[in-house]
There are 2 protein chains.
Amino acid sequence: MVSLESLGNQSLKIHLRVADQLGLAILRGEYAPGDALPPEIRLCEMLGVSRTAMREAIRGLIAKGLIDSRPKLGTRVRPPEYWNHLDVDVLRWQLEVSDTESYVRKMFQLRHATEPAATAIAAENGTSEDHQRIEAAFNAMVAAGSDNGLFVEADLAFHKSIYLATHNEFFWPIGQLFSVALKEMFRIAALGSHRPRAIIEHGDVLRAILERKPDMARAAALTLLGNAASDIRRIREGAPEQR
Amino acid sequence: MVSLESLGNQSLKIHLRVADQLGLAILRGEYAPGDALPPEIRLCEMLGVSRTAMREAIRGLIAKGLIDSRPKLGTRVRPPEYWNHLDVDVLRWQLEVSDTESYVRKMFQLRHATEPAATAIAAENGTSEDHQRIEAAFNAMVAAGSDNGLFVEADLAFHKSIYLATHNEFFWPIGQLFSVALKEMFRIAALGSHRPRAIIEHGDVLRAILERKPDMARAAALTLLGNAASDIRRIREGAPEQR
DNA sequence: GCCCGGTATTGGTAATACAATATCATCGAG
DNA sequence: CTCGATGATATTGTATTACCAATACCGGGC
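Quick look at the structure, then. Model, not experiment: these values are computed from the prediction.

**Let's talk about the overall build of chain A**
Piece 1. Helix and strand content of chain A: ten helices and two strands.
Piece 2. Counting the 243 residues in chain A, one finds 49% classified as buried.
Piece 3. Expressed as a percentage of contacts within chain A between residues at least 6 apart in sequence, the contacts between residues at least 24 apart total 69%.
Piece 4. Looking at chain A as shown, the accessible area adds up to about 11900 Å², and 55% of this sits on carbon and sulfur atoms.

**Remarks on the protein's contact with DNA strand D**
Piece 1. Neighbouring DNA strand D are 17 residues, the closest being Ile14(A), Ser50(A), Thr52(A), Lys72(A) and Arg51(B).
Piece 2. Of what DNA strand D places within 4 Å of the protein, 64% of the atoms are sugar or phosphate.
Piece 3. A distance of 3.2 Å separates a base oxygen of DNA strand D from a polar atom in the side chain of Thr52(A).
Piece 4. The separation between a phosphate oxygen of DNA strand D and a polar side-chain atom of Arg55(B) is 3.3 Å.
Piece 5. Those elements giving two or more residues to the surface near DNA strand D turn out to be α1 (14–28) and α3 (51–63) of chain A together with α3 (51–63), β1 (67–70) and β2 (74–77) of chain B.
Piece 6. At three residues, the largest contribution of residues to the surface near DNA strand D is made by α3(A).
Piece 7. Residues of the surface near DNA strand D, tallied by class, amount to three nonpolar, six polar and eight charged.

**Here we look at the interface of chain B and chain A**
Piece 1. With 33 residues of chain B at the interface, the matching set in chain A holds 33 residues.
Piece 2. A combined buried area of about 3200 Å² lies between chain B and chain A, and 65% of that area is made up of carbon and sulfur atoms.
Piece 3. Taken together, the connections running from chain B to chain A amount to six salt bridges.
Piece 4. In this structure, the salt-bridge partner of Glu56(B) is Arg55(A), at a minimum N-O distance of 3.5 Å.
Piece 5. At the junction of chain B with chain A, the criterion picks out twelve residue pairs in polar contact (both at pLDDT 80 or more).
Piece 6. Elements represented by at least two residues in the side of chain B that touches chain A include exactly α3, α5 (100–125) and α8 (171–188) of chain B.
Piece 7. For the side of chain B that touches chain A, the element with the most residues is α5(B), which contributes ten residues.

**Regarding the packing of helix α6 (residues 128–143) of chain B against helix α9 (residues 195–210) of chain B**
Residues and elements named next belong to chain B.
Piece 1. Where α6 contacts α9, the two axes come as close as 11 Å, and the packing angle between them is 165°. The orientation of α6 relative to α9 falls into the category roughly antiparallel. Of the two possible hands of crossing, α6 and α9 adopt the one that is left-handed. Of α9, the residues touching α6 (which contributes His131, Ile134, Glu135, Phe138, Met141 and Val142) are Ile199, His202, Gly203, Leu206, Ile209 and Leu210.
Piece 2. Grouping the amino acids of the contact of α6 with α9 by side-chain chemistry returns eight nonpolar, three polar and one charged.

**Describing the packing of helix α2 (residues 40–47) of chain A against α3(A)**
Residues and elements named next belong to chain A.
Piece 1. At a minimum axis separation of 9 Å, α2 and α3 run at an interaxial angle of 110°. Overall, the two elements α2 and α3 adopt an arrangement that is roughly perpendicular. Of α3, the residues touching α2 (which contributes Glu40, Leu43, Cys44 and Leu47) are Arg51, Met54, Arg55 and Ile58.
Piece 2. Class assignment for the residues of the contact of α2 with α3 results in five nonpolar, no polar and three charged.

**A look at the relation of the copies chain B and chain A**
Relating one copy of the chain to the other takes a rotation about an axis and a shift parallel to that axis.
Piece 1. Of the transformation superimposing chain B on chain A, the axial component is 0.1 Å and the angular component is 180°, with the fit at an RMSD of 0.2 Å. A rotation of that kind, with that shift, is consistent with a two-fold axis.
Piece 2. The share of interface residues of chain B whose copies in chain A are also at the interface is 100%, consistent with both copies meeting through the same surface.

**Section: α9(B)**
Piece 1. Taking 1.5 Å as the rise per residue, α9(B) with 16 residues should run 22 Å; its terminal C-alpha atoms sit 22 Å apart, in good agreement.
Piece 2. Looking one or two residues past α9(B), Arg212(B) carries a phi angle of roughly 55°, positive in sign.

**Considerations on the protein's contact with DNA strand C**
Piece 1. Near DNA strand C you find 19 residues, and of these Glu40(A), Arg51(A), Arg55(A), Ile14(B) and Lys72(B) are the closest.
Piece 2. Glu40(A) has a polar backbone atom sitting 3.1 Å from a phosphate oxygen of DNA strand C.
Piece 3. Taking Ile14(B), its main chain carries an N or O atom lying 3.1 Å from a phosphate oxygen of DNA strand C.
Piece 4. Within the residue set of the surface near DNA strand C, elements represented by two or more residues are α3 and β1 (67–70) of chain A together with α1 (14–27) and α3 of chain B.
Piece 5. Taken together, the residues of the surface near DNA strand C break down into five nonpolar, five polar and nine charged.

**Looking at unusual backbone geometry**
Piece 1. The backbone phi angle of Arg212(A) is positive, close to 55°, even though this residue is not glycine.
Piece 2. Residues other than glycine seldom take positive phi values, yet His167(B) does so here, at roughly 55°.
Piece 3. Positionally, His167(B) belongs in the loop between α7 (148–165) and α8.

**Describing the pattern of salt bridges**
Piece 1. Inspection of every chain in the model, using the stated rule, returns 34 salt bridges over all chains.
Piece 2. Arg42(B) is paired through a salt bridge with Glu45(B); the nearest N and O atoms lie 3.1 Å apart. Of the two residues, Arg42(B) and Glu45(B) are both situated in helix α2 (residues 40–47); the distance of three residues between them amounts to about one turn of the helix.
Piece 3. Judged by relative accessible area, which is 41%, Arg42(B) ranks as partly exposed.
Piece 4. Among the residues examined, Glu45(B) registers a relative accessible area of 52% and is labelled exposed.
Piece 5. Here Arg111(B) ties to Glu115(B) by a salt bridge, and the two come within 2.9 Å at their closest N and O atoms. Taken as a pair, Arg111(B) and Glu115(B) lie in helix α5 at a separation of four residues, close to a single helical turn. In this structure, Arg111(B) and Glu115(B) share a single accessibility class: buried.
Piece 6. Via salt bridges that share partners, Asp20(A), Lys64(A), Asp87(A), Asp89(A) and Arg92(A) belong to a single interconnected network.

**A look at the side chain of Ser161(B)**
Piece 1. With respect to the helices and strands, the residue Ser161(B) is situated in helix α7.
Piece 2. Among the residues examined, Ser161(B) registers a relative accessible area of 6% and is labelled buried.

What counts and how
- Residues numbered from 1 in each chain as written.
- Chains lettered and ligands numbered in written order.
- Predicted model: local features only at pLDDT ≥ 70, side-chain atom pairs only at ≥ 80, totals over all residues.
- Heavy atoms only, no water.
- Helix = DSSP H or I, 4+ residues; strand = E, 2+ residues; numbered from the N terminus.
- Buried < 20%, exposed > 50% of the residue type's maximum accessible area, 1.4 Å probe, protein only.
- Contact = heavy atoms within 4.5 Å.
- Areas by Shrake-Rupley, 256 points an atom, 1.4 Å probe, with all protein chains shown as cover.
- Near = heavy atom within 4 Å.
- Polar contact = N/O pair within 3.5 Å; in protein donor to acceptor, adjacent residues only side chain to side chain.
- Nonpolar A, V, L, I, M, F, W, Y, C, P; charged D, E, K, R; others polar.
- Buried area = accessible area lost by both parts, 1.4 Å probe.
- Salt bridge = Lys/Arg side-chain N within 4 Å of Asp/Glu carboxyl O.
- Axes fitted to C-alpha atoms, helices over the stretch in contact; angles between N-to-C directions.
- Parallel < 35°, antiparallel > 145°, perpendicular 65-115°, else oblique.
- Left-handed = near helix turned anticlockwise from the far one by under 90°.
- Least-squares fit on C-alpha atoms with pLDDT ≥ 70 in both.
- Expected span 1.5 Å × (residues − 1).

In short, the description is geometric, and any link to function would need to be established separately.
Written out as structure tokens, the structure reads:
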């Protein structure tokens, strides 16, 4: 018998696939802000899904602030300032359609604002469990050796643990966002980076947190960030990574 | 005939009402992280809605990271570190169930991290349209006179415009969040504050942005924030506002 | 020119079939 | 007889179809 796998990647829940396609189309600008999308039924037959699935997908896009839907006047694309750009899906779509360059810059602008503060707060508020988690991630970075995947994984875990250690819920989703975004970027351009220096700098951050020295932690985070940013810039400019 | 209006506020789309109830219940801790909520059908009859509506509500809560749903083991509450605390609904629920005190503090921690940076970036990148919008909000603050509602509205518009003027999409949702959160707080404890001083400080921020002086803008935002935080602290402590 | 009803489009409900999976019972081997 | 693997079953989420309600817009009739 002919399996259904033949069409498309599958295995994802279908309203997610649908939402993906619609979201990409919107981010790509196929439907400009203010425009109305085709009516539900047209969309259904265009993508070959049921109306319920389409409605669930639309529900999701509404939650992300991309569109607004009212009876009779259709579902319209909202102006971008209403979009939830911190949503990981929105971010992913954005990365797929627009040039990465400016997004790296903007993301580091935000990270530059939040991460030194988060690190300082973590140095102030971190519990011993937090300390253990951060230290474990650091050790994993060291132990990763030449394995790029492991290293990146541990690196992301390190920073995410710091955001968690703030014990401030508002910082958590931001750490989550960076984790996803950076992973996506590494997927695009696998980054060797200056591993020895990175480890030293992460160690400085770790020590400041363990010793509960907020100011030192903030400073360490700042230097780490500055170097990370210039690393990525160098890579984007096509310079060969030097180890 | 008996109108349906009798039960509840109404006029909101029903899956939103349902999501509201479920979200509140989760935030209230009625369903602890790891717990499974009742099966869909039970929930449907408990709240008196159709399965589709319930599914749409659940879809929304999944998008906010509150729950996760898998066949057979039910829909379970995820650990709070996965919740999207930057989502305005999550924030609203949190404010309704937990004490405001610590949330004001945490929110100002974040604001302290982002707003000086955003203001500096706005001073660097703001276009003339941005300048007009910010200035208009400032004028509205001045013109508000003794009308508290107008003043708060203009105040929020002022800060939101600054976040928009960064031309960095990642800052936009954060500005949006503060706008919603502070409005909610003012709703709870109407804040007269030091209006004359506030206007002067906002004027300093405005001038720095118009003159494109990032460092001055950052500094002005910092002093403004420091005073705003202590104002709110004083109010929370029950001290009478002095004008 | 104004009112009224038709129509198209989204919002909401219901019923049904399908798929995935944890639990439990049964069967067989040691 | 006990332990373990394996398969049936019940439960629960997933997906489709169909139908009715509310509403904004359009056009015709008075």
